[in-house]
Each structure stands twice: as C-alpha cells, then as structure tokens.
Amino acid sequence: MGNCIICGTSTDGPVCDVHQEDVVFDFEGDEPSQLTAGRFYRGTVDGYADFGVFVNIGNVTGLLHRSKLDRRLESLDWESGDEVFVQVNNVRDNGDIDLGWSIRQSEREFRGVLVDAPDGDRLLDEAEEDEAGNETEPEPTADEQTGGNVPEEVEPEPVSEEPEEAEAEPAADEQSGGAPDDEELADAVVTEEPEVEPEAAEETEVAETGAEAEAETEEAEPEPAEEAEQDIDRVEVDSLRDHVGDVVRLEGEIVSARQTSGPTVFEVRDETGVVDCAAFEEAGVRAYPDIEADDVVRLDGEVRLRRDEIQVETESLVELTDDAREAVETRMDEALDDAASPESTDLLGDDDAFDALADDVSEAATAIRRAVLESRPVVVRHDATTDGYVAGAAIERAVLPLVEDQHASADAVYHYFDRRPLEDGVYDMNDATKDATRMLGDREQHDEKLPLFVFAAGGSTEASLDGLELLDIYGAPRVVLDGQSADDAVVDEIDTLVTAEDRTAATVAANVAAATNDDVRDDLRHLPAISFWEDTPETYVDLASEAGVDAEAAQKLREAIALKAFYQSYEDKRELIIDLLFEKRTGLAEQVSEQFRTKLEAELDTATPNLDEREVDGVSVAVLDTEAYTHTYDFPPTRLLLDELDRRLDADVVIGVGKDELHVRTDTALDLDAVVAALQLEAPDAGVSDPGARRPKIEFLAGERDAVLDAVVDAVAEQVVTTSA
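Residues numbered from 1 in each chain as written. Predicted model: local features only at pLDDT ≥ 70, side-chain atom pairs only at ≥ 80, totals over all residues. Heavy atoms only, no water.

Within strand β23 (residues 653–657), 5 of the 5 residues are buried, leaving the element largely enclosed by the surrounding structure. As paired strands, strand β22 (residues 619–625) and β23 are joined by 5 bridges and run parallel to one another. Bridge pairing in β23 places Val-623 opposite Ile-655. Where β23 meets strand β24 (residues 661–666), 5 bridges bridge the pair, whose relative direction is antiparallel. Pairing of Ile-655 across the sheet is with Val-664, part of β24. Connecting β23 to the next strand, β24, in antiparallel fashion are 3 residues. (Buried < 20%, exposed > 50% of the residue type's maximum accessible area, 1.4 Å probe, protein only. Helix = DSSP H or I, 4+ residues; strand = E, 2+ residues; numbered from the N terminus. Pairing = 2+ DSSP bridges.)

This is the structure we're talking about:
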C-alpha cells in the first residue's frame, strides 16, 4: 500500500482512482488487453486514414476516429512519428483500440508521468530515461526492511567487480543510524543525477555518507537560530536557474504542502515567484509536519533541474517568527503591491461609457494580479452565453501567462486557474455549494489558498445573493464584471465591481483583462465586437477590423460560440474557445455558425406561425407558448430564441410563456417590481415572484398560468404606454 503522488491518499499504486486521468502513462505491455480504459497515454502518430489517425502506444496501435477530434481531421498538423497524447476509450474483444482526443498535448500539462507495465504501475524510472549512462542509485535495502514504501524509480545497484568490498562499507553506514539512504531515495524521486564514473561514484558516496553519519552522532542538532547563521547566500526564486547545482537560501511563504509517495513537496513563494521544494523524511512520510500553508520560512537546499523544471532539494527548513517573519512579510508585501499594480490602465478603445470607470477597471485588474502573485487560484464564473464565454475567455487569456510566469511547475495553469460556466448567469446556492466544497477540499488536501472568484455576465442580480453570501462566510474574495448595473441587494457582497450600462460583460472583461496583462492587449481588441448582437459601438467595430475581424467574421464567431455555449454548457471548452477566438480558425467558425443558423431558422419557422399577437392600448404584444411550440432541450435555448424574435418582429413587447415561468423582451425600460406587484393583485393565488434573473423573468404556479399571462400583457403594455407618454 502506498500513497497517491497527487493527493497523498492511500492507494495500491502510484496514483489513486480519482486522479487516474490527471497523469499520463508510458505503456510497456505487448497486448491491447493490457491497456486500461480511461487513462491517457503517450504515443506516436503512425499514419492517417479517411476516418482518423492511427497512433502507436508502445507496441500496440489504436485509432483516433475523426469524430473524436475537436477540429477537422484536415486541420491537424500532426506528422508521422510526432509524439502525441491520447486517451484510451475502449479495447474491443478483437483487439481494436478506440482512442479519444486529449486537449493536453505535452508532458508538462499532466500532473505526473507513470509507467503502465504488465506487472503493475510504477513511477517513471529516470535512470532508464538517461541514455547517457548515468549511474543508478543504490538499492534502498533499509527502507525495504522497515516496510517503507520505496519508490519504484530506484533501481538496484549494479553488481560490482568486487562485491564483498563494495557492500561492506555502505552496510556499516546503514547501521550507524545516519540518514544517507533516505536522502538518496529523495534524489531518486525528485532529481536527475549528473553523470559520474561508477567506481568514483561508489567511493564518493561511501565517504560522504560516512562523514554525514559521523557528524550527526558527534554534533548536537543545531537550534533554528544557528541554522540561520550558516554562510549561505539568499537568492530570489526568479534567479534559481542561474544557481543549478548550488546550495541556496530562500525566504518566503509556504503556499501549499503536498505529500507524494516519496518526498513532501512544499511550494515556497517569495517576492519574485513560486518554486517546488522537495523534502524527504521517509518514503510517503510527511517531512517537517509542523510547517503548514501561510507559514513564513527560511529554506536551505540544492537547486536541481528536473525535466527542465526547477526544484530545490531541501536540506533545512525552519519557520520564521517575530522580527524575522515581519521582515520577510514586509519585503514581500512591498514587492507584491508594486507588482500587482497594472502596467497600463489605458482602455481598449475610446468609449464614453468607460470614462468614469478607469479606476474601477484598475482596481479589478489589481485584484486579479494580486491573486496570481499570492498563489491564490482564480476561478472565473460566467454566463453560458456568447457574452459570458467571451468575457471569461478574455480573463483567461490575461491570467494564464501570469500564472506560468509565477510558478515553475508545468501544471500550475490547472491548479491556479479555472473557468466554470453558469446557467442563466445566476450564481445560486447549488453553484456556491459546489465551489465551496471544492475549495475547502483543496485547502484541506493541498493547503491551497481560497480562490478569487471573478464573475462575468453573472453574479450581479439578487438571485445570486445566497451564493455570494456563502463565499463571504469563508472569506473568498469576489469580483463582478457586467454590462448592467448590479442589484442593490448584492452590492455589499461584492468586493470589486465594474459595470458599464448599455455595454456587454465581454466589453468590461476585455478592458479589465488588458489592464491585468498588457502583453495580451492586442489579442483582446476584437472580443467586444463579437459580443454585441446588434448596434455594436463604432469604436469596437474599428478595433476588431484592425485585428483582422470584419463584421461578417465577428458574426460567425458570435454565432459559433453561442452554439457551443449551449452544448455541454457546464464545460469551459477551453481549447475549442481558444481556437475560435484567438487562433481564428475561419473554417471552424464558418462550419459551426452554419449549424447555428440552420437550427435557429428551423426553430423560428416553428415558432413564428404560432405567435399569439395582441394589441393593448395601441401596444403590440407577441406571445409565444414556449411549452407548446419549441423543442425542449434542443438548440436554441428560450433566451436566445426570444432575443432573436425581439430583433426580427415589429412588436413592442415579446413574451415567452412556459409551464411556470415567463420571459419579457421590450426596448422600453421595464420596472419589473411594478409588474410583479400588479400581478400579485390580479392573480393573488398564483405565487408570482421575481427570481432576480439578468433578463426580465417571472415565476408563478402552473395552475394559474392563463390568469398570469393575461395580467402580464396588461401590466407590461401599461408601462410601455406610460413610458412613451
């Protein structure tokens, strides 16, 4: 029984069942039946066919069917022999292997690499990877005797020409009570050893480990204060690549501590960045158990380069207190304040709607930048619409490069950024409970900080109050970006608020993203134009044109994202959205937007003949029974269909009425509170209420549907007449 290399839970292999899909496997078997469905594997492209791509996984070949790709087969730039990563979906009885697409196409994007061998899974043996003939580590016989969980990366020591003499001295060292075996195990788990001649390596190891054992038996363990006085230079995290092989000192804050099957890995943050520091007590045993997240520490260790990632092999780790802690915190806070300030507060375009919002945009950008610098995860919650997806993608485009710059580990972009769509732009208790459960679990298992939540085209209405309050209880900071004013009921539950009237949430988010990361400003210029279904402000039309996106291209992108936002609406679809918005794959956008128009026109052809057109006091009202004359659970959703009817029809008011809810569309400023009050008088038994949605929506009891509909038509028509007068 060992420990999962990701979460530390007990498991029979190197990774638990929950995290099987977080790692990638190298396959050493000879038969398809030895593959495990659901796992991701490293392979090489073997060739193309009309129906897909053949991929070699070790000694077997599988088919990645074109239907499993997230793009057209013709658009793949893979060549024969290219290394790729795929998921095994199924192994058929006849030996055929069905493969699935992986958005992760580099080893760095996975959280570990394991070997899937016929005799079981094991950690990737770095000694086998070293083709230069580097020495393998001695066999960890002491740990095996004590029942320790010795990592399988450690190979047995090669047989010496003089076995009796070669084995005698290490055995004496093991009996002296010293720690060389544990340290050698840590090297095997987290480091790559430099090349040495085997005989010289044996002599050096014996001498060094013997000296260490003698020093430990003769010398009392130093106090932390004495360790601090050792003549070691303090360096900053962002300069560690210049110190590979050196023993250095770091001072900073513990971001997280995670236990692997080998060492304990501490993430240490100073004023310049974050780095993984491996500390080894015993295989699978927590090193420095008193050190926890948010502790300020002084760490001495040797800088190693492991698979092109910097790691520090910890030699000593002490918590700093009193004046020493205050000095480090002051230094980090000053650097953090300076680094969190936006490099540029210039807006994307000359837009009067943002004249008074420059400070708000800067404040939101500072909050996001500070979260990244503090190693606080950023979670973007956005509406599952074109506006929401474009807004969320804008923040994602700005934040991911900052996370990569801040953290040395390749999988940091998955730990410290997430984008999660919302239904109807409402952050209800169901969503908040999921988020709270996840963030508390991450804090418990990985010592992660509570996330910064950024809401885009969502979280600004009273319907989100309960969810925002739950986050507030735990102290999770909240930023809201929207194209409409926030309800008074939720303003006090929002830490940073940026709203612009008569603009889209994507326009607000794109401006905040540009301030967050000036390096991606040019990538964002076309986004606002994509989010307007009509009456796009001229400044954003010009910006999109400068970015190579004309009005027709913007329309196709808008429609393509609307369609993809509907399907699997709870998924971020990161790579697909990147291809559409930033890679500007015109063939993809054109194909998907064509599907959008086909499906929308089919629904309009069904709905339009079944409109109930009324006229009240000179106000034309078009009523659609969405329960009877739309296809449930099919595209387009009710919100989008009613928006399109409102744009196409000459009616003053469009109402969509379902089983127990109705939606209102009108160009007139609608006082929904007044409408609800009128309905409660006209239909007192209907249980009429305003759920606080982003667009006018009313809920009622299904049994009073007809009475509510008649009362709504009259109440809305009266408001239109009053406003027009």
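Among the residues making up helix α23 (residues 672–682), those that are buried are Leu-672, Val-675, Val-676 and Leu-679. Seen from one end, α23 has its buried residues packed into an arc of 95°, which puts them on one side. In α23, the exposed positions angled more than 90 degrees off the buried face are occupied by Asp-673 and Leu-681. (Arc of directions from axis to C-beta.)

Take the pattern of salt bridges next. Taken as a whole and judged by the stated rule, the model has 51 salt bridges. For Arg-370, the salt bridge is made with Asp-337, and the minimal N-O distance between the two is 2.7 Å. Of the two residues, Arg-370 sits in helix α8 (residues 358–373) while Asp-337 sits in helix α7 (residues 322–340), which places them 33 residues apart along the sequence. Assessed through its relative accessible area of 25%, Arg-370 is described here as partly exposed. In the salt-bridge network here, residues are joined through shared partners; they are Arg-234, Glu-251, Glu-271, Arg-298 and Arg-331. (Salt bridge = Lys/Arg side-chain N within 4 Å of Asp/Glu carboxyl O.)

Before going further, it helps to spend a moment on the packing of aromatic side chains. Summed over the entire model, instances satisfying the criterion amount to 14 aromatic pairs. Ring geometry for Phe-566 against Phe-635: centres 5.5 Å apart, planes inclined by 70°, an arrangement best described as edge-to-face. Highlighted residues: Phe-566 in helix α18 (residues 551–566) and Phe-635 in the loop between α21 (626–629) and α22 (638–648), separated in sequence by 69 residues. Under the relative-accessibility criterion, Phe-635 is labelled buried at 2%. (Phe/Tyr/Trp six-rings, centres within 6.5 Å; stacked < 30°, edge-to-face > 60°.)

Moving on, we come to the sheet that holds strand β15 (residues 309–319). Taken together, 5 strands build a closed barrel; the order of strands is β11-β12-β13-β15-β14 and the barrel is mixed. Put simply, the sheet's adjacent strands are angled 55° from each other on average, direction ignored. Examined bridge by bridge, strand β11 (residues 247–259) and strand β12 (residues 264–269) share 6 bridges and lie antiparallel to one another. Bridged to Glu-253 within β12 is Arg-269. On top of the sheet, α7 reaches β11, β12, β14 (296–306) and β15; it is set at about 85° to β11, its chief contact. (Axes fitted to C-alpha atoms, helices over the stretch in contact; angles between N-to-C directions. Contact = heavy atoms within 4.5 Å.)

Going through the model one piece at a time under the given rule, you end up with 0 disulfides. We note that Cys-4 lacks a disulfide partner, and the nearest cysteine sulfur, in Cys-16, lies 3.6 Å from it. (Disulfide = S-S within 2.5 Å.)

All right, on to the environment of Gly-95 then. In this fold, Gly-95 is placed in the loop between β7 (83–91) and β8 (97–100). Taking the C-alpha atoms as reference points, Gly-95 and Pro-32, separated by 63 residues in sequence, lie 5.8 Å from one another.

Before going further, it helps to examine unusual backbone geometry. Phi is mostly negative for residues that are not glycine, and the peptide bonds are mostly trans. Looking along the chain, the bond that leaves Phe-635 and enters Pro-636 is cis, with omega of 5°. Within the fold, Pro-636 resides in the loop between α21 and α22.

Along the chain, Asp-383 turns up in strand β16 (residues 378–383). Excluding its chain neighbours within four sequence positions, the residues that come into contact with Asp-383 are Gly-388, Tyr-389, Leu-422, Glu-423, Asp-424, Gly-425, Ala-456, Ala-457, Arg-639 and Arg-694.

As a further point, take the environment of Arg-72. Mapped onto the elements of the fold, Arg-72 is located in the loop between β6 (60–65) and β7. In the structure, Arg-72 is positioned 516 residues away from Leu-588 in sequence and 7.8 Å away in space, judged by C-alpha atoms.

Within a sheet, each strand pairs with its neighbour through backbone hydrogen bonds, oriented either parallel or antiparallel. Read from one edge of the open sheet, 5 strands run β21-β22-β23-β24-β25, paired in mixed fashion. Unpaired on one side and paired on the other, β21 (612–616) and β25 (697–699) mark the two borders of the sheet. Each adjacent strand pair in this sheet contributes to an overall mean axis angle of 20°, direction not counted. Most of the contacts of α22 go to β24, to which it runs at about 30°, and overall it touches β22, β23 and β24.

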